[in-house]
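The residues making up each chain are set out below.
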Amino acid sequence: MATKAQKATTQSESPQQQTLPMQYDVRIHSLRLEGNCRAHASVNINGCFAIRGVKVMESSKGLFVSMPSYRAGNGEYKDICFPVTKEARQEFDNAVLDAYQQALTQSQQVGRTAPDPTVRQAPGPEMAM
């Protein structure tokens, strides 16, 4: 069931309308060298939408990004927010995992286990002044 806002947006979009490229500002808040949860992060998308509670997890298949979630009554975990398309999910995951690898490399070079939270972890577009 679409709301009035959704209907208005859908009707005003044209097939030729171009979408802007997504820009991710990923901040790694904590690194853990042991356990399944390797890092906590926050992501700011295009300077307009922030997601807190993103986790970098490790499984037998390797690293993956876990979105903020809640536990439903039946015991399943449901994501609170998530990329809708496969391509958007891949782009989001790559941005988070790249920032994680950068923070991990930086912490190993400095010889500490947690990056400085005031330092920007993911490369992004330069801001023109």
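Everything here concerns the structure above.
Below, the structure is looked at part by part.

**As for the overall build of the protein**
Per the secondary structure count, the protein includes 2 helices and 6 strands. Listing every helix and strand of the protein by position from the N terminus yields α-β-β-β-β-β-β-α. Within the protein, contacts between residues separated by at least 24 positions form 35% of all contacts whose residues are at least 6 apart in sequence. Total accessible area computed for the protein in this model is approximately 9,500 Å², and 53% of it derives from carbon and sulfur atoms.

**Thoughts on the pattern of salt bridges**
Following the criterion strictly, the structure yields 4 salt bridges and no others. A salt bridge links Arg27 to Asp25, with the nearest nitrogen and oxygen atoms 3.7 Å apart. Between Lys78 and Glu76 there is a salt bridge whose closest N-O contact spans 3.7 Å. Under the relative-accessibility criterion, Glu76 is labelled partly exposed at 42%.

**What to know about the sheet that holds strand S4 (residues 62–66)**
Spatially, S1-S2-S3-S4 is the arrangement adopted by the 4 strands of the open sheet, whose pairing is antiparallel. With partners counted over all chains shown, the strands left at the sheet margins are strand S1 (24–31) and S4, one partner each. Looking at each pair of strands side by side, their axes are set apart by 25° on average, direction ignored. Here helix H2 (residues 86–110) sits on the sheet and contacts S1, strand S2 (37–45), strand S3 (49–59) and S4; the angle it forms with S1, its principal contact strand, is near 45°.

**Thoughts on the environment of Arg52**
By the element assignment, Arg52 lies in strand S3. With residues up to four places along the chain from it excluded, the contact list for Arg52 reads Ala41, Ser42 and Pro68.

**Some thoughts on H2**
Between its first and last C-alpha, H2 extends 36 Å over 25 residues, near the 36 Å set by a 1.5 Å rise per residue. Among the residues of H2, those classed as buried are Phe92, Asp93, Ala95, Val96, Leu97, Ala99, Tyr100, Ala103, Leu104 and Ser107. On its buried side, H2 packs onto S1, S2, S3 and S4.

**Brief notes about the side chain of Ser42**
Considering the arrangement of structural elements, one finds Ser42 in strand S2. In this structure the side chain of Ser42 is engaged in a polar contact, spanning 2.8 Å, whose partner is the side chain of His29.

**A few points about the pairing of S3**
In this sheet, S3 lies alongside S2 in antiparallel orientation, the contact comprising 8 bridges. Within the sheet, the bridge partner assigned to Ile45 lies in S3 and is Phe49. The loop that links S2 with its antiparallel partner S3 comprises 3 residues; one of these, Asn46, has a positive phi angle of about 50°. What sits between the antiparallel neighbours S3 and S4 is a turn of 2 residues.

Cut-off values and rules
Residues numbered from 1 in each chain as written. Predicted model: local features only at pLDDT ≥ 70, side-chain atom pairs only at ≥ 80, totals over all residues. Heavy atoms only, no water. Helix = DSSP H or I, 4+ residues; strand = E, 2+ residues; numbered from the N terminus. Contact = heavy atoms within 4.5 Å. Areas by Shrake-Rupley, 256 points an atom, 1.4 Å probe, with all protein chains shown as cover. Salt bridge = Lys/Arg side-chain N within 4 Å of Asp/Glu carboxyl O. Buried < 20%, exposed > 50% of the residue type's maximum accessible area, 1.4 Å probe, protein only. Pairing = 2+ DSSP bridges. Axes fitted to C-alpha atoms, helices over the stretch in contact; angles between N-to-C directions. Expected span 1.5 Å × (residues − 1). Polar contact = N/O pair within 3.5 Å; in protein donor to acceptor, adjacent residues only side chain to side chain.

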